[in-house]
Amino acid sequence: MYRVLVAYDGSEPSERALEMVSRMVVNDTDMEVILVHVVLLFSSGAAATGIDTVLLDDVSPIQDKLQSIASSLASYARIKILRGSSPADLIVRCAIEEECDLIIMGSRGRGGVKGYLGSVSYAVVKDSPISVLIAK
(Lines give C-alpha, C1' and ligand atoms only; values in the text may rest on other atoms or scores of the structure.)
Protein backbone atom coordinates (compact mmCIF):
# COMPACT_ATOMS: atom_id res chain seq x y z
CA MET A 1 0.00 0.00 0.00
CA TYR A 2 1.23 3.47 -0.93
CA ARG A 3 0.82 6.02 1.88
CA VAL A 4 0.51 9.78 1.21
CA LEU A 5 0.42 12.62 3.73
CA VAL A 6 -1.38 15.78 2.61
CA ALA A 7 -0.78 18.96 4.63
CA TYR A 8 -3.77 21.30 4.71
CA ASP A 9 -4.07 24.78 6.22
CA GLY A 10 -7.07 26.22 4.40
CA SER A 11 -5.01 28.23 1.89
CA GLU A 12 -5.59 28.10 -1.87
CA PRO A 13 -2.35 26.15 -2.52
CA SER A 14 -3.34 23.56 0.11
CA GLU A 15 -6.73 23.26 -1.62
CA ARG A 16 -4.79 22.38 -4.78
CA ALA A 17 -2.85 19.76 -2.79
CA LEU A 18 -6.21 18.16 -1.87
CA GLU A 19 -7.24 18.25 -5.53
CA MET A 20 -3.97 16.53 -6.50
CA VAL A 21 -4.45 13.67 -4.08
CA SER A 22 -8.09 13.30 -5.14
CA ARG A 23 -6.97 12.83 -8.76
CA MET A 24 -4.22 10.40 -7.71
CA VAL A 25 -6.62 8.22 -5.72
CA VAL A 26 -8.89 7.79 -8.74
CA ASN A 27 -6.04 5.95 -10.46
CA ASP A 28 -4.79 4.10 -7.38
CA THR A 29 -7.41 2.92 -4.90
CA ASP A 30 -4.71 1.03 -2.98
CA MET A 31 -3.44 4.35 -1.64
CA GLU A 32 -3.81 5.39 2.00
CA VAL A 33 -4.20 9.13 2.54
CA ILE A 34 -3.41 10.95 5.76
CA LEU A 35 -4.88 14.45 5.84
CA VAL A 36 -2.95 16.64 8.28
CA HIS A 37 -3.65 20.05 9.78
CA VAL A 38 -1.28 21.82 12.19
CA VAL A 39 -2.59 23.76 15.19
CA LEU A 40 0.09 26.11 16.44
CA LEU A 41 1.00 26.19 20.10
CA PHE A 42 2.53 29.39 21.38
CA SER A 43 4.42 29.70 24.64
CA SER A 44 2.77 31.92 27.22
CA GLY A 45 5.96 34.05 27.10
CA ALA A 46 6.31 36.80 29.69
CA ALA A 47 3.99 35.11 32.17
CA ALA A 48 6.45 32.18 32.22
CA THR A 49 3.82 29.88 33.62
CA GLY A 50 5.09 27.02 31.50
CA ILE A 51 1.63 26.48 30.08
CA ASP A 52 1.17 26.59 26.32
CA THR A 53 -1.84 28.29 24.88
CA VAL A 54 -3.48 26.63 21.92
CA LEU A 55 -4.29 29.09 19.21
CA LEU A 56 -7.51 27.61 17.89
CA ASP A 57 -8.42 29.83 14.98
CA ASP A 58 -11.43 27.61 14.85
CA VAL A 59 -10.16 24.18 13.86
CA SER A 60 -13.73 22.85 13.50
CA PRO A 61 -14.33 24.15 9.95
CA ILE A 62 -11.01 22.67 8.82
CA GLN A 63 -11.79 19.32 10.47
CA ASP A 64 -15.19 19.34 8.78
CA LYS A 65 -13.59 20.10 5.41
CA LEU A 66 -11.01 17.32 5.85
CA GLN A 67 -13.72 14.86 6.96
CA SER A 68 -15.69 15.69 3.84
CA ILE A 69 -12.61 15.13 1.64
CA ALA A 70 -11.73 11.90 3.47
CA SER A 71 -15.20 10.44 2.96
CA SER A 72 -15.20 11.38 -0.74
CA LEU A 73 -11.91 9.63 -1.54
CA ALA A 74 -12.00 6.24 -3.21
CA SER A 75 -9.37 4.90 -0.82
CA TYR A 76 -8.80 4.74 2.91
CA ALA A 77 -8.22 8.19 4.42
CA ARG A 78 -7.83 9.51 7.94
CA ILE A 79 -7.32 12.88 9.58
CA LYS A 80 -4.63 13.92 12.02
CA ILE A 81 -4.52 17.22 13.88
CA LEU A 82 -0.93 17.99 14.88
CA ARG A 83 -0.13 20.39 17.70
CA GLY A 84 3.13 22.24 18.21
CA SER A 85 5.16 25.32 17.38
CA SER A 86 6.98 24.16 14.23
CA PRO A 87 4.63 23.08 11.43
CA ALA A 88 7.43 21.82 9.18
CA ASP A 89 8.93 19.63 11.91
CA LEU A 90 5.50 18.24 12.80
CA ILE A 91 4.68 17.42 9.18
CA VAL A 92 8.02 15.71 8.54
CA ARG A 93 7.89 13.79 11.84
CA CYS A 94 4.32 12.63 11.18
CA ALA A 95 5.23 11.47 7.67
CA ILE A 96 8.17 9.48 9.04
CA GLU A 97 6.15 7.97 11.91
CA GLU A 98 3.31 7.03 9.55
CA GLU A 99 5.83 5.53 7.10
CA CYS A 100 4.56 7.71 4.27
CA ASP A 101 5.93 7.42 0.75
CA LEU A 102 5.05 10.99 -0.27
CA ILE A 103 4.13 14.37 1.24
CA ILE A 104 1.86 16.68 -0.76
CA MET A 105 1.47 20.30 0.29
CA GLY A 106 0.83 23.77 -1.07
CA SER A 107 3.61 26.06 -2.20
CA ARG A 108 2.61 28.79 0.22
CA GLY A 109 0.27 28.76 3.16
CA ARG A 110 -1.44 31.20 5.41
CA GLY A 111 1.83 32.61 6.73
CA GLY A 112 1.95 35.22 3.98
CA VAL A 113 5.62 34.70 3.07
CA LYS A 114 6.29 35.91 -0.48
CA GLY A 115 8.23 33.84 -2.98
CA TYR A 116 8.04 30.54 -4.81
CA LEU A 117 7.94 28.50 -1.60
CA GLY A 118 6.62 29.58 1.76
CA SER A 119 8.71 29.07 4.88
CA VAL A 120 6.92 25.86 5.91
CA SER A 121 6.98 24.24 2.48
CA TYR A 122 10.63 25.23 2.06
CA ALA A 123 11.55 23.69 5.44
CA VAL A 124 9.65 20.47 4.64
CA VAL A 125 11.37 20.13 1.25
CA LYS A 126 14.75 20.83 2.85
CA ASP A 127 14.40 18.53 5.87
CA SER A 128 12.25 15.64 4.66
CA PRO A 129 13.84 12.28 3.83
CA ILE A 130 10.56 11.55 2.02
CA SER A 131 9.67 12.86 -1.45
CA VAL A 132 7.62 16.08 -1.39
CA LEU A 133 5.19 17.15 -4.11
CA ILE A 134 4.43 20.87 -4.08
CA ALA A 135 1.07 22.12 -5.40
CA LYS A 136 1.67 25.59 -6.82
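Computed from a predicted structure; not experimentally measured. (Residues numbered from 1 in each chain as written. Predicted model: local features only at pLDDT ≥ 70, side-chain atom pairs only at ≥ 80, totals over all residues. Heavy atoms only, no water.)

J.: For this particular structure, what's the right way to read the side chain of Glu 98?
T.: As for its placement among the helices and strands, Glu 98 is situated in the loop between α3 (87-97) and β5 (102-106). Those residues in contact with Glu 98 that lie beyond four places of it in its chain are Arg 3, Ile 34, Arg 78 and Lys 80. (Helix = DSSP H or I, 4+ residues; strand = E, 2+ residues; numbered from the N terminus. Contact = heavy atoms within 4.5 Å.)

J.: Any chance you could explain the pairing of β5 here in plain terms?
T.: Regular strands place their side chains on alternate faces of the sheet. Most of β5 sits inside the fold, with five of its five residues counted as buried. The two faces of β5 match: Leu 102, Ile 104 and Gly 106 on one face and Ile 103 and Met 105 on the other face are all buried. Where strand β1 (residues 2-7) meets β5, three bridges bridge the pair, whose relative direction is parallel. When the bridges of β5 are listed, Leu 5 appears paired with Ile 103. (Buried < 20%, exposed > 50% of the residue type's maximum accessible area, 1.4 Å probe, protein only. Pairing = 2+ DSSP bridges.)

J.: Got a minute to help me understand α3 in this structure?
T.: Turn by turn, an α-helix covers 3.6 residues, leaving residues three or four places apart pointing in a common direction. If you check which residues of α3 are buried, you get Pro 87, Ala 88, Leu 90, Ile 91, Val 92, Cys 94 and Ala 95. Backbone geometry just after α3 places Glu 99 at a positive phi near 55°.

J.: Mind showing me how you'd approach the state of the cysteines here?
T.: A disulfide bridge is the covalent bond that connects two cysteines by way of their sulfur atoms. Within this structure, the stated rule accounts for zero disulfides. A disulfide-free cysteine, Cys 94 has its sulfur positioned 6.3 Å from the sulfur of Cys 100, the nearest such atom. (Disulfide = S-S within 2.5 Å.)

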